[in-house]
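Close look at the chain arrangement
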Amino acid sequence: MTDLSFSLSGHTVLITGAAGGIGSALVVAFCEAGANVVATDTNREALTRALADHGDNGSVLALAMDVTEEEQISAVLDTVTQRFGRLDILINNAGIKSSESLLTGNRGKIERTMKINTDAVLLCSRLAVRRFIKNGAGRIINIGSSLSSQGAVFNYQAGGADYCLSKAVVHDITKLLAYECAQHRITVNGIAPGIIDTPMHGRPREETEARHHGRIPLGRVGNPEDLVGLAVFLASPAADYITGQMIHVNGGMLMNG
Ligand code: NAP
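These lines cover the structure that appears in this document, whether it is placed above or below. (Residues numbered from 1 in each chain as written. Predicted model: local features only at pLDDT ≥ 70, side-chain atom pairs only at ≥ 80, totals over all residues. Heavy atoms only, no water.)

**Some words on the nonpolar core**
Counted only if it meets this: Nonpolar cores were defined as sets of buried Ala, Val, Leu, Ile, Met, Phe, Trp, Tyr and Cys residues, with membership established by side-chain atoms within 4.5 Å. Each residue is placed in one exposure class: buried if its accessible area under a 1.4 Å probe, protein chains only, is under 20% of its type's maximum, exposed if it is over 50%, and partly exposed if it falls in between. Secondary structure elements are taken from DSSP: a helix is a run of H or I of four residues or more, a strand is a run of E of two residues or more, and numbering for both begins at the N terminus. Whether two residues are in contact is decided by their heavy atoms: any pair within 4.5 Å suffices.
Ile15, Phe30, Ile91 and Ile191 are the most contacted members of the largest nonpolar core, which totals 32 residues. Among the secondary structure elements, those contributing two or more residues to this core are β1 (12-15), α1 (21-32), β2 (36-41), α2 (44-53), β4 (89-92), β5 (138-143) and α8 (225-235). Examining the composition of this core, we find that seven residues originate from one element, α8, more than from any other. Those residues in contact with Ile191 that lie beyond four places of it in its chain are Ile141, Asn142, Ile143, Gly144, Leu227, Leu230, Ala231, Leu234, Met246, Ile247 and Val249.

**Quick notes on the side chain of Ser146**
Where we set the bar: What qualifies as a polar contact is a pair of N or O atoms within 3.5 Å, subject to a donor-acceptor requirement within protein and to the restriction that residues adjacent in sequence count only when both atoms come from side chains.
With respect to the helices and strands, the residue Ser146 is situated in the loop between β5 and α5 (152-158). Accessibility expressed as a relative area gives 0% for Ser146, which makes it buried. Among the polar contacts made by the side chain of Ser146, one reaches the side chain of His248 at a distance of 2.8 Å. At 3.0 Å, the side chain of Ser146 forms a polar contact with the side chain of Asn250. Apart from residues no more than four positions distant in its own chain, Ser146 is found in contact with Ala192, Pro193, Gly194, His248, Asn250, Met253 and Leu254.

**Some details on the pairing of β2**
Side-chain direction in a regular strand flips from residue to residue, so the side chains alternate between the two faces of the sheet. Cut-off, in case you're wondering: Here, strands pair whenever DSSP counts at least two bridges between them. With strands facing away from the observer, any crossover in which the path from the first strand over the helix to the second runs clockwise is taken as right-handed.
Of all six residues in β2, five are buried; the element is thus mostly enclosed. The sheet contact formed by β1 and β2 spans four bridges and is parallel. Within the sheet, the bridge partner assigned to Val13 lies in β2 and is Val37. Assessed by its sense of winding, the connection that carries the chain from β1 through α1 to β2 is right-handed.

**Things to note about the sheet that holds strand β6 (residues 186-193)**
For clarity, the cut-off: Comment: axis = line fitted to C-alpha atoms, over the contacting stretch for helices; angle = value between 0 and 180 degrees taken between N-to-C directions.
Pairing in this open sheet of seven strands is parallel, and the strands run β3-β2-β1-β4-β5-β6-β7 from one edge to the other. Two strands lie at the open edges of the sheet, namely β3 (61-64) and β7 (246-249), each paired on one side alone. On average, each strand axis in the sheet is tilted by 20° relative to the strand beside it, whichever way the strands run. The pairing of β4 with β5 spans four bridges and is parallel. Residue Ile89 lies in a different strand from β5, and its bridge partner there is Arg139.

**Remarks on the pattern of salt bridges**
Spelled out, the test is: The term salt bridge refers to a pairing of a side-chain nitrogen on Lys or Arg with a carboxyl oxygen on Asp or Glu at a separation within 4 Å.
Applying the stated criterion across every chain yields a total of seven salt bridges. With a closest N to O distance of 2.4 Å, Arg139 and Asp240 form a salt bridge. Highlighted residues: Arg139 in strand β5 and Asp240 in the loop between α8 and β7, separated in sequence by 101 residues. In this structure Asp240 comes out as partly exposed when scored by relative accessible area, which is 39%. Put simply, Asp197 and Arg205 hold a salt bridge, and the shortest N to O gap is 3.7 Å. Judged by its relative accessible area of 23%, Asp197 is partly exposed.

Nothing here speaks to function; it is geometry throughout.
Okay, structure coming up:
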């Protein structure tokens, strides 16, 4: 029987890129769902500031972790085990924006985009899965992007080809890992946000709204809070039988072709 509980009480979640717009909203949502929350980002001071801005009173375990550094990830996973006994949920949220052309773009920048947005998702997942297998269960939620599956014209207006490529591979990693992990009772799903108003865009909301005017059927760009209910659901017992899915949260944007 499927457990219809949405509570994450007693579950421990590790969120990467937790100082950012979507990451800090995820922290708040998972706290509200009753989880033990481990918030990580490259810059611990920025992380602590972001959590304080979101009303954290010290209940969240905030740790510095660069998602491209295997030693740092392993150290954080060890700390999680010492502090909470086990990790139940990994959210691969850290990412960077980039706007390089695949043909003429700067190779170093393209490689950095792929390293942070793509390779690190696999790296963090591999290290977490080793522990999930010992526990006999686990959840991974990857943050992809609706841009990965949009037509080229929109991609080049809204982001860059290297960004879209990096996220397209995350969508494939999600499905491929889900298949490999299923035998271990580990589910792997993804959320593909549309245009969400966060620091990543580097401009005021009104400018983002104007830029994408007419492209989003629900008539506005998204907020980080538009995504987090789905993340909590995918992490909860109620989603036990869902794996290998990439769910778009984009105000209906893809319906515009
Ligand atoms: P954000 O506000 O810029 O947050 C991203 C966070 O990731 C930042 O705190 C950033 O730290 C951190 N980060 C960057 N490189 C890292 C690394 N190597 N190790 C650990 N943390 C690192 O952006 P966001 O909009 O919340 O984005 C969150 C995720 O959603 C990203 O994967 C993004 O691609 C995805 N997404 C966003 C949108 C959107 O419209 N906002 C749409 C689709 C998908 P620094 O600031 O110090 O670099």
